[in-house]
Amino acid sequence: MNKMATSASSKLNKAVKQQYMNLPQGDKVQVMYIWIDGSGEGLRCKTRTLDFEPKRTEDLPEWNFDGSSTHQSEGSNSDMFLIPAAMFRDPFRKDPNKLVLCEVLKYNCKPAETNLRRSCKQIMNMVENHYPWFGMEQEYTILGTDGHPFGWPSNGFPGPQGPYYCGVGADKAFGRDIVESHYRACMHAGVQICGTNAEVMPAQWEFQVGPCEGINMGDHLWVARFILHRVCEDFGVVVSFDPKPISGNWNGAGCHTNFSTKEMREDGGLKVIEDSIERLAKRHKYHIQAYDPKGGLDNARRLTGHHETSNIDKFSAGVANRGASIRIPRSVGHEKKGYFEDRRPSANCDPYSVTEALVRTCLLKEEGDGPRNYK
């Protein structure tokens, strides 16, 4: 049996740790502040003690951190502000402790470059009477600490794709303990996780979050990602959201995004869906730029037209077609109402950017290669 590369900290005695975690914490509460760093993909966190249990984000104090250590500012003016935005129960330290997702503001109180939540919230507020619902399907790959996919032979490849998707059995499903732990931790936290499955490439999995309305989609997906990083840390492995972690004849990783409005969900909604798809067809370039953190460069490795993807340069749509940019589920074609699935976002996309782009094009009816500026 080949030895899996796992982290040193995962080998520490967890029973000893549990002895301390079982100690009462008095009337104090630990709050872990979480934020997106300067890469637009990485998450950072730190904890402070409060002497009361916060009931809503407004109860939480603003905080700060050194932005020069997170690629968010230079050392001479490095203080960045953490503004609590969404609060969840802490599945690691348990009640009454909290996880809090924060927005990052610069010293001049303007949003940091990778704080895409602020503009997303503005756009969502403009369309709240449409009740935009989202569901995002987050694919990811479990890696050893050496960057090799979890459970793969150390000097080669597993058998070709086919038996792994929704597979069961030790030779087909690699890392289910992580998936189950993450699922339960999300449920405890209050994240709107709605499902999970093994994906086409071995050691690749997917979880789904939704339906979430408006800004909640981004909040819940980012916290679900944070929880997954933490669970993997406990098991000594690494989660990768890279859209094409293994080159060659292996499936990439996306973040398919399902979208509907009140009008689409009502009788005759298919017409509204088709109108939206027509708008999306004219704005393909803008969406590709919004759908990964590198303006489309990450997705270019994945959207090749093979492995259940569309071609990055061509827009396409179809009923039940997994090789299209936009897929209308067969049931929606049948019932003439419902939602559509945008298959273009990459696994490492920023959900705020994706959901904002969909609303701008489909509901605010914007055109052209860039977002419109609203005062």
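Our subject is the structure listed above.
Bear in mind the structure is a predicted one, so any value in this text is a computation, not a measurement. (Residues numbered from 1 in each chain as written. Predicted model: local features only at pLDDT ≥ 70, side-chain atom pairs only at ≥ 80, totals over all residues. Heavy atoms only, no water.)

Caption draft 1: Inspection of the environment of D171 at higher detail. Checked against the element boundaries, D171 lands in the loop between β6 (133–143) and α3 (176–189). D171 gets classed as exposed once you look at its relative accessible area, which sits at 51%. Put simply, D171 and G151 are 20 residues apart on the chain and 9.1 Å apart in space, counted from C-alpha to C-alpha. A polar side-chain atom of D171 sits 3.2 Å from a polar atom in the side chain of K172. (Helix = DSSP H or I, 4+ residues; strand = E, 2+ residues; numbered from the N terminus. Buried < 20%, exposed > 50% of the residue type's maximum accessible area, 1.4 Å probe, protein only. Polar contact = N/O pair within 3.5 Å; in protein donor to acceptor, adjacent residues only side chain to side chain.)

Caption draft 2: Here's a closer look at the nonpolar core. With 70 residues, the main nonpolar core has Y140, V191, I227, F259 and F340 as its most contacted residues. If you tally residues by element for this core, the top one is helix α4 (residues 216–235), at 10 residues. Once you skip the residues sitting within four places of it in the chain, I227 turns out to touch P91, F92, L99, H182, A185, C186, A189 and V191. (Core = buried A, V, L, I, M, F, W, Y, C linked by side-chain atoms within 4.5 Å. Contact = heavy atoms within 4.5 Å.)

Caption draft 3: Structural context of the side chain of E139. Residue placement: E139 occurs in strand β6. Within the structure, the side chain of E139 is placed 2.7 Å from the backbone nitrogen of G254, a separation counted as a polar contact. In this structure, E139 is in contact with E199, W205, E206, F241, G252, A253, G254, H256 and A347, ignoring residues within four places of it in sequence.

Caption draft 4: Fine view of the sheet that holds strand β5 (residues 98–105). Taken together, five strands build an open sheet; the order of strands is β2-β1-β5-β4-β3 and the sheet is mixed. Pairing within the sheet leaves two strands with one partner each, and these edge strands are β2 (43–50) and β3 (63–66). Neighbouring strand axes in the sheet, compared pairwise and without regard to direction, differ in orientation by 40° on average. Inspection of the sheet shows strand β1 (residues 29–36) paired to β2 by eight bridges, in the antiparallel sense. (Pairing = 2+ DSSP bridges. Axes fitted to C-alpha atoms, helices over the stretch in contact; angles between N-to-C directions.)

Caption draft 5: Up close: helix α6 (residues 269–281). In this model α6 runs 19 Å from its N-terminal to its C-terminal C-alpha over 13 residues, within 8% of the 18 Å that 1.5 Å per residue would give. Considered for burial, the residues of α6 that qualify are G269, L270, I273, S276, I277 and L280. For α6, the arc enclosing every buried residue in end-on projection is 120°, short of the 170-degree limit, so these residues lie on one face. Residues K271 and E278 are exposed on α6 and point more than 90 degrees away from its buried face. (Expected span 1.5 Å × (residues − 1). Arc of directions from axis to C-beta.)

Caption draft 6: Inspection of unusual backbone geometry at higher detail. Here D95 and P96 are connected by a cis peptide whose omega angle stands at 5°. Between G210 and P211 the backbone carries a cis peptide bond, its omega angle lying at -5°. Mapped onto the secondary structure, P211 falls in strand β8 (residues 204–213). Even without glycine at this site, H307 takes up a positive phi of about 55°. Mapping H307 onto the fold places it in the loop between α8 (297–300) and β11 (317–319).

Don't take any of this as a statement about function, it's just geometry.
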